Amino acid sequence: MTNTDSAGGVPVRPAATVMLLRERPGLEVYLLRRVRSMPFAPGAYVFPGGGVDDRDTDRGVRWAGPSPAEWAEVLGTAEPLARALVCAAVRETFEESGVLLAGPAESGPVADTRGPDWEADRAALVDRSLAFSAFLERRGLVLRTDLLRAWSRWITPEGEPRRYDTRFFAAALPDGQLTRDVGGEADRVLWLDPAEAVAAWRRREMAMLPPTAFSCASLAECGSLAAVMAARRDLSPVRPELREVDGRVRIVVPGAPPDAP
């Protein structure tokens with residue numbers, strides 16, 4: 001599921017990422033540091049997420065909360081892509097953090113996803129030997145789309161060898177669930193005050209791409225989990241550009257001040 005960039009024929013892959021949030025007592029966001037061997041954003045701190053898989057469009061996935069049609073309206077896209085983006089957001093979050101935004105149809109999200117049986121399913125999802133729809137069906141779970149809030153949309157600059165059209169979502173860590181370091185694509189995970197993350201990025205102590213840094217800044221402006229989940233967001237696509245600045249090629253967000261976020 002890709003589009004082709006007319007400027008250079010580079011495939012643009014739809015993707016989804018989730019900003020997991022909690023209050024302890026202040027607002028904190030979950031971040032992973034990508035291993036340096038990764039072809040995209042090596043060594044950068046990111047939120048859980050990744051590209052849409054063809055099976056994320058599976059209509060067999062049951063939903064509780066806003067429907068695919070409602071999400072299509074929110075995200076400004078066709079219903080099949082909206083379905084795929086929401087499924088990818090939930091699937092990738094479980095794969096990369098162990099947190100599952102799903103639960104039995106008659107109650108809230110699952111309370112705990114630790115244990116060897118959950119880990120076996122998570123690993124099978126990662127290696128694509130298990131379809132997300134089959135995983136949910138076997139466990140009697142439905143996707144809890146009411147736990148997600150659409151936050152922003154970022155498109156990788158033209159000229160990059162890998163390009164993504166990524167929808168960012170916000171979600172509160174479900175009660176009882178714990179994130180866990182599941183290895184693989186990340187060599188470090190942490191919960192951090194989003195304002196502290198931006199400050200560390202400014203000091204060049206934490207590498208982050210603009211979408212992550214700008215997202216942390218917008219979370220810090222909200223200040224609380226309740227404010228984040230109630231925020232009204234502009235989902236117009238943000239299109240950073242590659243520009244030469246002081247003799248170096250940098251990613252620049254048009255219209256943003258030089259020291260943003």
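Refer to the structure printed above.
A brief structural summary. (Residues numbered from 1 in each chain as written. Predicted model: local features only at pLDDT ≥ 70, side-chain atom pairs only at ≥ 80, totals over all residues. Heavy atoms only, no water.)

1. A few points about the environment of aspartate 54
For step 1, the next point in the chain: Topologically, aspartate 54 is positioned in the loop between β5 (49-51) and β6 (63-64).
For step 2, the next point in the chain: Taking the C-alpha atoms as reference, aspartate 54 lies 17 Å from threonine 17; in sequence the two are 37 residues apart. (Helix = DSSP H or I, 4+ residues; strand = E, 2+ residues; numbered from the N terminus.)

2. Considering the sheet that holds strand β8 (residues 142-144)
For step 1, the next point in the chain: Across the sheet, three strands lie side by side as β6-β8-β7; this open sheet has mixed pairing. On the outer flanks of this sheet lie β6 and β7 (102-103), each paired with one strand and no other.
For step 2, the next point in the chain: In this structure, β6 lies alongside β8, joined through two bridges in parallel fashion. Bridge assignment links alanine 64 to a residue of β8, and that residue is arginine 144. (Pairing = 2+ DSSP bridges.)

3. Observations concerning empty space enclosed by the protein
For step 1, the next point in the chain: Here the structure, examined in full by the defined rule, presents three cavities of 30 Å³ or more.
For step 2, the next point in the chain: If you add up the space inside the largest cavity, you get close to 60 Å³.
For step 3, the next point in the chain: For the largest cavity, the full set of lining residues is Asp53, Arg55, Asp56, Arg91, Leu125, Arg128, Leu130, Ala131 and Phe132.
For step 4, the next point in the chain: Residues of the lining of the largest cavity, tallied by class, amount to four nonpolar, no polar and five charged.
For step 5, the next point in the chain: If you trace the second largest cavity, you find it lined by Leu75, Ala150, Trp151, Ser152, Arg153, Arg167, Phe168, Phe169 and Leu235.
For step 6, the next point in the chain: Among the secondary structure elements, those contributing two or more residues to the lining of the second largest cavity are β9 (149-155) and β10 (163-172).
For step 7, the next point in the chain: The residue makeup of the lining of the second largest cavity, split by class, is six nonpolar, one polar and two charged. (1 Å grid on protein atoms, 1.4 Å probe; cavity = no way out; pocket = protein on both sides within 12 Å on 5 of 7 lines; lining within 4 Å. Points joined across faces, edges and corners; volume = space filled by probe spheres on them. Nonpolar A, V, L, I, M, F, W, Y, C, P; charged D, E, K, R; others polar.)

4. As for the packing of aromatic side chains
For step 1, the next point in the chain: Throughout the structure, instances matching the rule amount to eight aromatic pairs.
For step 2, the next point in the chain: Seen in terms of ring centroids, tyrosine 30 and tryptophan 191 are 5.2 Å apart; in terms of plane orientation they differ by 50°. Their pairing is tilted. Here tyrosine 30, found in strand β3 (residues 27-34), pairs with tryptophan 191, found in strand β11 (residues 186-192); they are 161 residues apart in sequence, far enough to count as distant. Like tyrosine 30, the residue tryptophan 191 is buried in the burial classification.
For step 3, the next point in the chain: Measuring from ring centre to ring centre gives 6.2 Å for phenylalanine 47 and phenylalanine 168, while their planes differ by 90°; the resulting arrangement is edge-to-face. (Phe/Tyr/Trp six-rings, centres within 6.5 Å; stacked < 30°, edge-to-face > 60°. Buried < 20%, exposed > 50% of the residue type's maximum accessible area, 1.4 Å probe, protein only.)

5. Looking at unusual backbone geometry
For step 1, the next point in the chain: Following arginine 24, the chain continues into proline 25 via a peptide bond in cis, with omega recorded as -10°.
For step 2, the next point in the chain: Counting through the fold element by element, proline 25 comes out in the loop between β2 (11-23) and β3.
For step 3, the next point in the chain: Within the chain, arginine 128 stands out as a residue other than glycine whose phi angle is a positive 65°.
For step 4, the next point in the chain: Looking at where arginine 128 falls in the secondary structure, it is placed in the loop between α3 (116-126) and α4 (132-139).
For step 5, the next point in the chain: By relative accessible area, which is 30% here, arginine 128 ends up partly exposed.

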